[in-house]
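For reference, the chains in residue letters:
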Amino acid sequence: MGRLSTLFGPERVAVIGASESEGSVGRAITENLLESYEGEVLAVNPNADEVLGLPCRDGIGEVDSPGTVDVAVVVVPPQIAVDAIRQAGEVGIGNVVVITAGFGETGSDGAARERELREVAEEYDLNLVGPNSLGVMSTPKGLNATFGNEMANEGDISFMSQSGAFVTAVLDWAAERDVGFKDIVSLGNKAILDEGDFVEEWGEDPETDVILGYLEDIEDGGEFIRTSREVTQDTPIVVVKSGRTDAGASAAASHTGAMAGSERAYEAGLEQAGTLRVESVQELFDYAQILSGQPLPDGEEIAIVTNAGGPGVMTTDAVGDSDLSLAEFSDDTFETLQGTMPEAANIYNPVDIIGDAPAERFESALETVLADENVSMAVVVACPTAVLSFEELAEVVVEKQRESGLPVATTLMGGKSVGAGQEILAQAGIPQYFDPARAVGSLDALTEYRNISEREFQEPDTFDVDRERAREILQSATRRDTNRLGVEAMELLDAYGIPTPQGAVVDSPGEAEAIAEDIGDNVVMKIVSPDILHKSDIGGVEVGVPPEEVRDTYEDLVVRARNYQSDATILGVQVQEMVDLEAGTETILGMNRDPQFGPLLLFGLGGIFVEVLEDTTVRVAPVSEPEASAMLDDIESAPLLQGARGREPVDRDALVETVQRLSQLVTDFPAIVELDINPLVATPDGVKAVDLRLTLDQEEL
């Protein structure tokens, strides 16, 4: 049992703010508890002697044996709610559900009140739900500590929602479709308990088969990923994430920041967490029903059995739109179907047993295809006819699914005639959909979860780096009172073992000439100024400068910079060995720090095309070697790295290691807000970081 077991399975519940006033929340919660809860309900209200037949106490401290109260539900006004929570903590109540609104969602006064609430909850180590919550439910105990108008049906799905209104809507929707739940929680403002706490709790709960969530944000993205990765090895998590926005990207100072906005962080984070993300309530419960009721497939091959050609084609199209594939039947299967099906039937997948098929013909066809070793799952598609009983067909499907042990979904494309058959299927855990695409999509989700459950997560590598040297370089920005660094910080990459071209930043023509002579070949020269971001646009970059022209070029670059911006801070000129771009592929490697998930790594096609093509992929850092390797394969231009059209493949190992080393750098230093290495040139002989710019949060240094 998890640490929240008494929150969902209490023996005694106290309602602080219980009331008989018509239309009040205190009355609704008390009535809901009295209607179905198996435990004892206690009423607390100093202004009443009795509420709905319950004797009232003036305060929670006056309850007989207050330490035996498992849950306090707080419904009093916000001005006195914090005191009520403190009293609950003082008498040893471990779980508090704060229904009361008027906290962080209402402005500065409410935010201050919520900070005080949080401090009290932390002082007494309370498991606190809310504030601004609809409440909690748990069907095994009949617990309905909410002010909703519907008690959930019993089932094996546990559901959390950041919107209380969404809970009431879902319960109403689910009741009509006989969808059952184990636990339900309205998260509210998440002052203490958040989505990660409930994922952890339900992951340990043997009675929860599927976890569902409606989320508008995630409090601690990194912790959510770590917790969910463990839970999804055994329990699927399906999430609707709303509140998408690109607003954060518009204020970004780097390529990475512009392309790795909040929505991409959630996409990456939820995928790395192992959750199944859906776009609608319908998908949420389509997935939940099949995940809770059907076994996981051992492959992606699907068989279709139908009595209608058109719907069969629709189902085939849906397979084509999914990650599944039509199963190729064995010769034995073809032979059996040919001997048992009418001459007009189609014995190829999809199997069309034609419109006059009774349940017995479905039985024969389904038994045959499910016995084929090339079939991993099946969908049965049936339209109503005078010779087909949906009730008999449902019994056939249940029996054949049980015998085969393979997942099956059904599409009974009728209305009132589906009723009895649908009930039989539901009791056996076989999902039923009117639309064939939903049936295929659900089987696809089952396959996706199988892949998630088989993942082996590897811990990120830790490289031997010069962390103190890196800190000194970052602190140099503070000494210059700037939050931006450019190529003058290339040694930061050297400190973390990321290869850079030979060179240095110098502040005199003579030093520039000396560096060029050490390099011994033509060089690249760039003006170094935190005030000039796009150096090439102002003539601040010269390529292929011979050693004898380095002095003059130095002077030219400084003059151009001054002409462009007279008050710009000029740190000097970078003199750098030339990297053969023709022999390599220009990539970008960067990071943008997301408020919820922390460092978000970005990798993709770089150079001058980065903003045009935006061929990039993202991951939440730190990343392991398999995750870094997967980033290389995710981009559309991956063939360029692999040696397309006669090109020699780049040094993949060096590129993967560089991704990991940058991951370690940005994890080690939370002060780095944004960072771009563009281009990071990948060649058959290794990689080199040619240019760098980053933004710092000086308060984090």
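Quick summary incoming for the structure in this document. Everything quoted here is computed from the prediction, not taken from an experiment. (Residues numbered from 1 in each chain as written. Predicted model: local features only at pLDDT ≥ 70, side-chain atom pairs only at ≥ 80, totals over all residues. Heavy atoms only, no water.)

Some remarks on the environment of Asp-194
As a reminder, the rule being used: Going along the chain from the N terminus, every DSSP run of H or I of four or more residues is numbered as a helix, and every run of E of two or more is numbered as a strand. Residues are treated as being in contact if the distance between any of their heavy atoms lies within 4.5 Å. Any pair of nitrogen or oxygen atoms within 3.5 Å is treated as a polar contact; in protein, a donor-acceptor pairing is required on top of that, and neighbouring residues in sequence qualify only through side-chain atoms on both sides.
Counting through the fold element by element, Asp-194 comes out in the loop between β13 (183-186) and α6 (195-203). Through-space distance from the C-alpha of Asp-194 to that of Glu-219 is 6.9 Å; in sequence the pair is 25 residues apart. Contacts of Asp-194, omitting those with residues within four sequence positions, involve Leu-187 and Glu-219. Here the side chain of Asp-194 touches Gly-196 through a polar contact of 3.0 Å, landing on its backbone nitrogen.

Describing the layout of surface pockets
If a probe the size of a water molecule is rolled over the atoms, the empty space left behind becomes visible. What counts here: Using a 1 Å grid laid over the protein atoms alone, points where a 1.4 Å probe fits but cannot get out form a cavity; open sets with protein on both sides within 12 Å along at least 5 of 7 lines form a pocket; any residue with an atom within 4 Å of a point counts as lining. Grid points are joined across faces, edges and corners, and a volume is the space filled by probe spheres set on the points. Ten residues, namely Ala, Val, Leu, Ile, Met, Phe, Trp, Tyr, Cys and Pro, are considered nonpolar, four, namely Asp, Glu, Lys and Arg, are considered charged, and the remaining ones, Gly among them, are considered polar.
Its volume calculated, the second largest pocket comes out at about 880 Å³. In terms of lining residues, the second largest pocket is bounded by 32 residues, among which Arg-177, Asp-178, Val-179, Gln-289 and Ala-426 are the most central. For the lining of the second largest pocket, the secondary-structure elements that each account for two or more residues are β10 (153-154), α5 (164-176), α11 (281-293) and α16 (419-427). Considering only residue class, the lining of the second largest pocket consists of 11 nonpolar, 13 polar and 8 charged.

Re the sheet that holds strand β5 (residues 71-74)
The test is simple: DSSP-based pairing: two strands are paired if at least 2 bridges between them are found. The axes used here are C-alpha line fits, helices contributing only the stretch in contact, and every angle between their N-to-C directions lies in the interval 0 to 180 degrees.
In spatial order, the strands read β3-β4-β2-β1-β5-β6-β7; together these 7 strands make up an open sheet with mixed pairing. The open sheet has two free edges, formed respectively by β3 (50-51) and β7 (127-129), since each of these has just one partner strand. Across 2 bridges, strand β2 (residues 40-44) lies against strand β4 (residues 54-57) in parallel orientation. Within β4, the position partnered with Val-44 by the bridge is Arg-57. Its contacts with the sheet place helix α2 (residues 25-36) against β1 (12-16), β2, β3, β4 and β5, and it is angled at close to 160° to β1. The strands that helix α3 (residues 78-90) touches are β1, β5, β6 (95-98) and β7; relative to β5, the one it contacts most, it runs at about 170°.

As for the sheet that holds strand β25 (residues 541-545)
Taken together, the 4 strands give an open sheet; going across it, the order is β23-β26-β24-β25, and neighbouring strands pair in antiparallel fashion. With partners counted over all chains shown, the strands left at the sheet margins are β23 (503-506) and β25, one partner each. The sheet shows a mean angle of 20° between the axes of neighbouring strands, taken without regard to direction. When strand β24 (residues 523-528) meets strand β26 (residues 572-577), the two strands line up antiparallel, connected through 6 bridges. For Met-525, the partnering residue across the bridge sits in β26 and is Val-575.

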